[in-house]
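Residues per chain are reported as follows:
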Amino acid sequence: MADQLIIFDTTLRDGEQSPGASMTREEKIRIAKQLEKMRVDVIEAGFPAASPGDFEAVKAVATTIRESTVCGLARAQFADIDRAGEAIKPAERGRIHTFIATSAIHMEKKLRMSPDQVLEQAVAAVKRARTFTDDVEFSAEDAGRSDPDFLCRVFEAVINAGARTLNVPDTVGYTMPHQFSALIHDLRTRIPNSDKAIFSVHCHNDLGLAVANSLAAVLAGARQVECTINGLGERAGNAALEEIVMAVRTRKDVFPVETRIDTTQIVPASRLVSGITGFPVQPNKAVVGANAFAHESGIHQDGVLKNRETYEIMRAEDVGWNANRLVLGKLSGRNAFRNRLTELGIELGSEAQVNSAFQRFKELADRKHEIFDEDLHALISDESMSPDTELYSLIALRAHSETGEEPQARITMRVGSLEQVQESSGSGPVDAAFKAIEKIAPSGTELQLYSVNAITSGTESQGEVTVRLSLGDRVVNGLGADTDIVVASAKAYLNALNKLHHGAAKLNPQA
Ligand code: KIV
Ligand code: ZN
């Protein structure tokens, strides 16, 4: 019988460490529910010591999720561990993941600690974490560049201290697959008590090898892979969950493992994460890219029509393409709308919120005949930016552009309880709208990225705009959706300003 490969998703933690990808508590809950629906084994919900907001978000995920284990990250320090222990308390199954760096460069330059001190702190951290839960994971940060002899000593000691999972991160994405698999094999054979723990890997994608390294490790006996939806994560990201899961499933002849993942939830999860974080998925991305199953050349099309296996190694429907595209329309009632939201794992707190979302749904259905699940997700994201909770909200926008004329925009927005109007010209209507907003709410920010994606196909589709703004060392992504892309752009800009306004300072665990 195949071994189980534990899928540990860290979209809500390492994924959130991508610049601008920070998520609100409600957004984390929505993603966590989708991960649970997909049957992810462990959800790393965040780093509770990072900020009060992060603590609350992990606690809320631990309160909501019943099927998956909910994990909180903690540096190997008592204060962090106690915070994580408190945050995961409501979980049905809670895990603490504690870590300390073990490479010479990190110990010397970052921690300024000797190897013996690091070992001692690792053991103390695991023992402390065990006072909160039996499920403790220990990570040797930068294991890929650590001395294997030292790693053996540390891992042996933390197993004796009560760690059940040993994580081997390639923190900087430096190792090559053959080296990484040799490292895992070496650790498993040399550590005398290695059979008392599960070996896990956590690979970064700096050289584009995160998935290859993770899979090489699985062949060497790792039985947990840490990964993220769409490969989101620090710098170049983490191993992509969808690629790991589909590789072991498609190549059962190679990998003696199976996962519990419901693969039909992969594409909906990918869309949800992309929509919430504002990180678009490149069209040629494996498994979840828009072109992943599109056959352009005549020869390929002909082959697929005769027998799909000529050019397809996976079936689009198995990863959830079209799985959730139930259509609602102008005539759909409040119940149909509400049921679909429930099926999508979206819960709106109060009746008033349902009413207001339903109202917006009707307005959208007037402009766009078929409403897909993607539209509902966008609508709900917009709904969470309500004038009651946000400093800035859009009331109205008029934009004018004509060949040979300078584009103009006039914006009416609410700032707190005040309604304000401004006009501006710009190089295009979007630029003019942003300038008009800046006249009302000068932010001093720099626009780092502006992108528009059609949420569904066809010219009737809503445009989803991502705006990335930076202010000093803070970066935020704003999102907005509308059938009119100038309106979507203004909403995205205001969403980013709101995030900047709310954003409490937050600690990066590895900084
Ligand atoms: O990349 C890394 O080393 C990490 C650890 C905290 C596991 O994210
Ligand atoms: Zn990481």
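Because the structure is predicted, anything quoted here is derived from the model rather than measured.

Comments concerning the domain arrangement of the chain
When its domains are assigned, the chain resolves into domain 1 (3–277), domain 2 (326–382) and domain 3 (392–501). Look at where the C-alpha atoms of domain 1 and domain 3 centre, and you get two points 37 Å apart. Each partner contributes to the interface: domain 1 provides seven residues, whereas domain 3 provides seven residues. In total, domain 1 and domain 3 occlude about 510 Å² of area from one another, counting both sides; carbon and sulfur atoms represent 43% of this.

Overview of the site of ligand 1
Around ligand 1 sit Arg 13, Asp 14, His 97, Phe 99, Ser 139, Glu 141, Asn 167, Pro 169, Thr 171, His 202, His 204 and Gln 510, and that is every residue in its neighbourhood. At 3.0 Å, a side-chain N or O of Arg 13 approaches an oxygen atom of ligand 1. At 3.1 Å, a side-chain N or O of His 202 approaches an oxygen atom of ligand 1. For the shell around ligand 1, the residue count by class is two nonpolar, seven polar and three charged.

Observations concerning the pairing of strand 15 (residues 463–471)
Across a regular strand the side chains alternate sides, sitting on one face of the sheet and then on the other. Counting buried positions along strand 15 gives eight out of nine residues, so the element sits mostly inside the fold. Of the strand pairs in this sheet, strand 15 and strand 16 (residues 474–482) are connected by nine bridges, and their pairing is antiparallel. Along strand 16, the bridge assignment pairs Gly 463 with Asp 482. Linking two consecutive strands that pair antiparallel, namely strand 15 and strand 16, is a turn of two residues; a positive phi of about 60 degrees is found at Gly 472 within it.

Describing a nonpolar patch on the surface
On the surface, Leu 447, Tyr 450, Val 452 and Ile 485 cluster together into a nonpolar patch covering about 310 Å² of accessible area. Among the elements that line the nonpolar patch, the one with the most residues is strand 14 (residues 446–454), at three residues. By the element assignment, Val 452 lies in strand 14. Look at Val 452 and you get partly exposed, because its relative accessible area is 38%.

Considering the sheet that holds strand 14
One open sheet holds the three strands; their spatial order is 14-15-16, and the pairing between them is antiparallel. Across the chains shown, the open sheet's two edge strands, defined by having one partner strand only, are strand 14 and strand 16. Strand-to-strand twist across the sheet, computed as the mean angle between neighbouring axes with direction ignored, equals 15 degrees. In the packing of helix 16 (residues 485–502) onto the sheet, contacts are made with strand 14, strand 15 and strand 16, and the angle to strand 16 comes to roughly 145 degrees.

Considerations on the pairing of strand 6 (residues 136–141)
Counting buried positions along strand 6 yields six of six residues, so the element is predominantly enclosed. Alternating positions in strand 6 separate into two faces, Val 136, Phe 138 and Ala 140 on one and Glu 137, Ser 139 and Glu 141 on the other, with burial throughout. Strand direction decides the pairing type here: strand 5 (residues 94–101) and strand 6, joined by six bridges, are parallel. Within strand 6, the position partnered with Phe 99 by the bridge is Ser 139. As paired elements, strand 6 and strand 7 (residues 165–170) share three bridges and run parallel to each other. Bridge pairing links Phe 138 to Leu 166 in strand 7. As a crossover connection, the stretch from strand 6 through helix 6 (residues 148–161) into strand 7 is right-handed.

Calculation notes
- Residue numbering note: each chain is counted from 1, following its sequence as written.
- Lettering of chains starts at A and numbering of ligands starts at 1, both following the order in which they are written.
- Predicted model: local features are reported for residues with pLDDT of at least 70 only, side-chain atom pairs are reported and counted for 80 or more only, and whole-chain, interface and lining totals are derived from all residues.
- Only hydrogens and water are set aside when side-chain values are computed; all heavy atoms of the structure are taken into account.
- Those domain boundaries reflect an automatic or database domain assignment.
- Contacts: residue pairs with any heavy atoms within 4.5 Å of one another.
- Buried area counts how much accessible surface, traced with a 1.4 Å probe, disappears from two parts once they are put together, with both parts' losses summed.
- Here a residue is considered near a molecule or strand provided that any single heavy atom belonging to it is located within 4 Å of it.
- N or O atoms within 3.5 Å of each other form a polar contact, as long as, within protein, one can give a hydrogen and the other can take it, and as long as residues adjacent in sequence are counted only when both atoms are side-chain atoms.
- Throughout, the ten residues Ala, Val, Leu, Ile, Met, Phe, Trp, Tyr, Cys and Pro are labelled nonpolar, Asp, Glu, Lys and Arg are labelled charged, and all others, Gly among them, are labelled polar.
- For every residue, the accessible area (1.4 Å probe, protein chains only) is compared with the maximum for its type, and the residue is labelled buried under 20%, exposed over 50%, or partly exposed between those bounds.
- Per the convention used, a helix needs a DSSP run of H or I reaching at least four residues, while a strand needs a run of E reaching at least two, with both numbered from the N terminus.
- For two strands to be treated as a pair, DSSP must find at least two bridges joining them.
- Patch criteria: residues need more than 30% relative accessible area and no salt bridge. Like-charged residues are merged within 9 Å; nonpolar side chains of Val, Leu, Ile, Met, Phe, Trp and Tyr are merged within 5 Å.
- In these tables, accessible area is a Shrake-Rupley quantity obtained with a 1.4 Å probe, and a residue counts as shielded only by the protein chains included in the view.
- Definition used for salt bridges: Asp or Glu carboxyl oxygen within 4 Å of a side-chain nitrogen of Lys or Arg.
- Only C-alpha atoms enter the line fits that serve as axes; for helices the fit covers just the stretch in contact. Angles between N-to-C directions range over 0 to 180 degrees.
- By convention, a crossover is right-handed whenever its connection, traced from the first strand over the helix to the second and viewed with the strands pointing away, goes clockwise.

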